[in-house]
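# Reading the structure
Listed here are the chains, written in short residue letters.
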Amino acid sequence: MEVINTSGRRKTSMARIYAVKGKGSITVNGKDYKTYFPTEIMHYKVTQALVIAKAVDKYDITATIDGGGMTGQAEALRLAIAKAMITVDDSLRAAFK
């Protein structure tokens, strides 16, 4: 099984992710992303790249995030997921711009 490893940065936050084909679970620092990020806006930011790529239920993502505040961490995670989706399908690059 192929593991996709990417990272994303926003302000002082750094997110490293590992994505594998799966059922759509997102784990951040050992917790479900809905537990780790408390608001719906942050849930939207985290899943935005997956929605654009139409891959919400296709990949299991495990993330480790360091530094910054909650919003910066959510945006760093969004960037890392977008990079992973571009690795899978380069034609998505225009959609993410």
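Structural data are supplied above this passage.
Notes on the structure follow. (Residues numbered from 1 in each chain as written. Predicted model: local features only at pLDDT ≥ 70, side-chain atom pairs only at ≥ 80, totals over all residues. Heavy atoms only, no water.)

From N to C terminus, the protein includes four helices and five strands. Scanning the protein from its N terminus toward the C terminus, one meets helices and strands in the order β-β-β-β-α-α-β-α-α. In terms of overall dimensions, the protein is globule-like: its C-alpha atoms have a radius of gyration of 12 Å, near the 13 Å expected for 97 residues. Considered along the principal axes of its C-alpha atoms, the protein spans approximately 30 × 25 × 20 Å. Counting contacts in the protein only where the partners sit at least 6 residues apart, residues at least 24 apart contribute 71% of the total. (Helix = DSSP H or I, 4+ residues; strand = E, 2+ residues; numbered from the N terminus. Rg over C-alpha atoms; globule rule 2.2 N^0.38 Å. Contact = heavy atoms within 4.5 Å.)

Time to look at the environment of Ala53. If you trace the backbone, Ala53 turns up in the loop between α2 (40-52) and β5 (59-66). Along the chain, Ala53 and Ser91 lie 38 residues apart, while their C-alpha atoms are 9.9 Å from each other. Other than its neighbours up to four places away in sequence, Ala53 contacts Met85, Leu92 and Phe96.

This next bit is on the side chain of Thr47. Relative to the assigned elements, Thr47 resides in helix α2. On the basis of relative accessible area, Thr47 is assigned to the buried category, the value being 15%. Leave out the neighbours within four places in its chain, and Thr47 touches Ile26 and Tyr33. (Buried < 20%, exposed > 50% of the residue type's maximum accessible area, 1.4 Å probe, protein only.)

Consecutive side chains of a regular strand alternate in pointing toward one face of the sheet and then the other. Alignment of strand β1 (residues 4-10) against strand β2 (residues 13-21), held across seven bridges, turns out to be antiparallel. Pairing of Asn5 across the sheet is with Tyr18, part of β2. The hairpin turn running from β1 into β2, its antiparallel successor, is two residues long, and Lys11 in that turn takes a positive phi close to 55°. (Pairing = 2+ DSSP bridges.)

Let us now look at the packing of aromatic side chains. Counted according to the given criterion, the structure contains one aromatic pair. Here Tyr36 and Phe37 contribute two aromatic rings whose centre-to-centre distance is 5.0 Å and whose plane-to-plane angle is 85°, an arrangement assigned as edge-to-face. (Phe/Tyr/Trp six-rings, centres within 6.5 Å; stacked < 30°, edge-to-face > 60°.)

Here we take up the packing of α2 against helix α3 (residues 70-88). Contact geometry for α2 and α3: axes closest at 7 Å, N-to-C directions at 10°. One way to sum up the angle between α2 and α3 is to call them roughly parallel. In this structure, α2 contributes Met42, Lys45, Val46, Gln48, Ala49 and Leu50 to the contact, and α3 contributes Met70, Thr71, Ala74, Glu75, Leu77, Arg78, Ile81, Ala82 and Met85. Classifying every residue of the contact of α2 with α3 by side-chain character gives 10 nonpolar, two polar and three charged. (Axes fitted to C-alpha atoms, helices over the stretch in contact; angles between N-to-C directions. Parallel < 35°, antiparallel > 145°, perpendicular 65-115°, else oblique. Nonpolar A, V, L, I, M, F, W, Y, C, P; charged D, E, K, R; others polar.)

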